[in-house]
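# Understanding the architecture of this molecule
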Amino acid sequence: MGQDQHDAPPQPRAPRRAAGPKAPLGRWRSIFLAALRHDRISAPCVIDGRIKGESFLVYVEQVFVPSHRPGDIIIIDNLGNHKGKTVRRAIRAAGAKLFFLPP
C-alpha cells in the first residue's frame, strides 16, 4: 500500500485563519484624509461619517492649511467638495498654488 507513481503527492493544507474585523453594516463609516508629500504624509485626519463640503472645509482650514507653507503646490482631484470657492480661497490665502487633476 504505497503511493503509486501516478498519484500526486499529498498537499499540505494551510491553517484556517480567523476572519478579520468586519465593518458595521458592511461599510466603514470613517474617512481618512491626509496630504501626501514627496517625503511624508502630513495633515492626517479621520472624519466619522460621510465627508460633506462643510466638514471638508473645516479640515482644510484647521488641519490642512496650517501644515503647509507659502509656495507649496497643492494638487487635488475633482471631487465637488474639493472645488468649492471657500476651499480654493482658504488654500490660496495660505500662499499655496492650487491645481486640479484633469477630469
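Keep in mind the model is a prediction, meaning the values are calculated, not measured.

### Quick notes on the side chain of H68
Residue position: H68 is located in the loop between α1 (53-64) and β3 (73-76). In terms of polar contacts, H68 uses its side chain to reach the backbone carbonyl oxygen of F64, at 2.7 Å. Once residues lying within four places of it in the same chain are set aside, the contact partners of H68 are A35, R37, S42 and I74.

### So, the pattern of salt bridges
For the coordinates displayed, the defined rule picks out two salt bridges. With its nearest N and O atoms 3.0 Å apart, the salt bridge here joins D72 to R37. You can see D72 sitting in the loop between α1 and β3 and its partner R37 sitting in the loop between β1 (30-36) and β2 (41-48), a full 35 residues away along the chain. Of the charged contacts, one joins D39 and R40 as a salt bridge, the two residues approaching to 3.2 Å between their closest N and O atoms.

Reading the values: the criteria
The numbering scheme is per chain: residues are counted from 1 as the chain's sequence reads. In keeping with the model being predicted, local features are shown solely for residues with a pLDDT of at least 70 and side-chain atom pairs are shown and tallied solely at 80 or more, while totals for entire chains, interfaces and linings include all residues. For the side-chain quantities, the full set of heavy atoms in the structure was used; hydrogens and water were omitted. Only DSSP runs of H or I covering at least 4 residues are called helices, and only runs of E covering at least 2 are called strands; the numbering of each starts at the N terminus. Polar contact is the term for a pair of N or O atoms within 3.5 Å; when the atoms are in protein, one must be able to donate a hydrogen and the other to accept it, and sequence-neighboring residues count only if both atoms are side-chain atoms. Contacts between residues were defined by any pair of non-hydrogen atoms, one from each residue, lying within 4.5 Å. A pairing counts as a salt bridge when a side-chain nitrogen of Lys or Arg comes within 4 Å of a carboxyl oxygen of Asp or Glu.

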